[in-house]
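# Overview (structure and organization)
Listed here are the chains, written in short residue letters.
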Amino acid sequence: MLLLEGKRLPYDVAFSHEGVQYPANWLRLASIEEKNAIGIIEVANPPSYDQRFYWGPGLPKELEDLTDDNGNTQTGLKSLWVANTKTSAGTLLAPTDWYVIRNSETEVEVPAEVLARRAEIREFCDEYEAAIEATTTTDELAAYITSSLYGSFEEIPEPEPTPEPSPEPTPEPEPTPEPEGEDTISFPGNSTSSGFSTSSGTDVETFG
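Residues numbered from 1 in each chain as written. Predicted model: local features only at pLDDT ≥ 70, side-chain atom pairs only at ≥ 80, totals over all residues. Heavy atoms only, no water.

Let's shift gears to the side chain of Thr 85. Within the secondary structure, Thr 85 sits in helix 3 (residues 77–93). By relative accessible area, Thr 85 is classed as buried at 1%. Beyond its immediate stretch of four places on either side in the chain, Thr 85 contacts Cys 125, Tyr 128, Glu 129, Ile 132, Tyr 150 and Phe 153. (Helix = DSSP H or I, 4+ residues; strand = E, 2+ residues; numbered from the N terminus. Buried < 20%, exposed > 50% of the residue type's maximum accessible area, 1.4 Å probe, protein only. Contact = heavy atoms within 4.5 Å.)

Here's what the structure looks like:
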């Protein structure tokens, strides 16, 4: 955060100082030395806080209702958020209120899906109110209100399971080659030659 004579200087906004007009992009383009030269200093930003639950950093608002000696009541955060929850539920119920009014006046049945949806809204409302009342600190209430557990009046669908990866196919084994045997020659009369023999250093054919 940039300060000039104790006043905050926002980026991208033109400003003047000691009779000099500085354009909107000057703070982004100027070096720290140029800023310091005209008296601009840079300080840490103040800690942020949620103004719905805190008066300031580390200063929580009252959780419960407080009544002073004069009978004046200060509404606590629990009562405030229960009221907000009821308002949200009432807003969702309002478009179908006419079904209920018509039923009370003419006995025309309310469609089943309308009744089911109205009951669902009330169930959510009751659940949220009970959770709010169960909190014991401002931090706990703030964590609940800002979580995904609060605020939706619709059923949250279950996430679809991640499909299992298909197994890799097992490769077929390579066929084992047949061992090579001795060459044979067939002759009429079922006689075969089963090789060669030598008797005197000279190869001769033998027949069985």
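Structure's up, so let's keep going.
The subject of this paragraph is helix 3. When the terminal C-alpha atoms of helix 3 are compared, their 24 Å separation across 17 residues agrees well with the 24 Å that a helix rising 1.5 Å per residue should span. All of the buried residues in helix 3 are Leu 77, Lys 78, Trp 81, Val 82, Thr 85, Ala 89 and Leu 93. Around the axis of helix 3, the buried residues are gathered within 150° of arc, so they sit on the same side. Exposed residues on helix 3 whose side chains face more than 90 degrees from its buried face are Thr 87 and Thr 91. Contact partners of the buried residues in helix 3: helix 4 (97–106), helix 5 (112–134) and helix 6 (138–145). (Expected span 1.5 Å × (residues − 1). Arc of directions from axis to C-beta.)

Looking now at the sheet that holds strand 2 (residues 7–9). If you walk across this open sheet you meet the three strands as 2-1-5, and the pairing is antiparallel. What marks the edges here is a single partner per strand, and that holds for strand 2 and strand 5 (40–42). Going from strand to strand, the sheet's axes swing by 40° on average, the running direction of each strand aside. The pairing of strand 1 (residues 2–4) with strand 2 spans three bridges and is classified as antiparallel. (Pairing = 2+ DSSP bridges. Axes fitted to C-alpha atoms, helices over the stretch in contact; angles between N-to-C directions.)

Here we take up the packing of helix 3 against helix 5. Where helix 3 meets helix 5, the axes come as close as 10 Å, and the angle between the chain directions of the two elements is 175°. Comparing the axis directions of helix 3 and helix 5 gives the class roughly antiparallel. On helix 5, the residues that touch Lys 78, Trp 81, Val 82, Thr 85, Lys 86, Ala 89, Leu 92 and Leu 93 of helix 3 are Arg 117, Arg 118, Ile 121, Arg 122, Cys 125, Tyr 128, Glu 129, Ile 132 and Glu 133. Among the residues forming the contact of helix 3 with helix 5, the class breakdown is nine nonpolar, one polar and seven charged. (Parallel < 35°, antiparallel > 145°, perpendicular 65-115°, else oblique. Nonpolar A, V, L, I, M, F, W, Y, C, P; charged D, E, K, R; others polar.)

Proteins that are soluble and globular tend to have nonpolar side chains buried together. Counting residues in hydrophobic clusters, the biggest one holds 19 residues, and the most contacted among them are Phe 53, Trp 81, Ile 132, Leu 141, Ile 145, Tyr 150 and Phe 153. Elements with a contribution of two residues or more to this core: helix 3, helix 5 and helix 6. Sequence-distant contacts of Phe 153, defined by excluding residues within four places in its chain, comprise Thr 85, Ser 88, Ala 89, Leu 92, Arg 117, Glu 120, Ile 121, Phe 124, Cys 125 and Tyr 128. Within the second largest apolar cluster, 10 residues are counted, among which are Phe 15, Tyr 22, Ala 30 and Ile 40. (Core = buried A, V, L, I, M, F, W, Y, C linked by side-chain atoms within 4.5 Å.)

Examined against the element boundaries, Lys 35 turns out to sit in helix 2 (residues 32–37). Leaving out residues up to four positions away in the same chain, Lys 35 has contacts with Leu 2, Tyr 11, Trp 26, Leu 27, Ala 30 and Ile 40.

Within helix 6, burial applies to Thr 138, Leu 141, Ala 142, Tyr 144 and Ile 145. When helix 6 is viewed along its axis, its buried side chains cluster within an angular range of 165° and face the same direction. Against the buried residues of helix 6 lie strand 6 (54–56), strand 7 (59–60), helix 3 and helix 5.

Two side chains with opposite charge may pair up if their charged atoms get near one another. This model, assessed by the stated rule, comprises seven salt bridges. Here Lys 86 ties to Glu 129 by a salt bridge, and the two come within 3.1 Å at their closest N and O atoms. With Lys 86 in helix 3 and Glu 129 in helix 5, this residue pair connects regions lying 43 residues apart in the sequence. Residue classification places Lys 86 among the partly exposed residues on the basis of a relative accessible area of 46%. (Salt bridge = Lys/Arg side-chain N within 4 Å of Asp/Glu carboxyl O.)

With that settled, consider the environment of Lys 35. Here Lys 35 falls in the buried class, since its relative accessible area comes to 9%. In the structure, Lys 35 is positioned 31 residues away from Leu 4 in sequence and 9.3 Å away in space, judged by C-alpha atoms.

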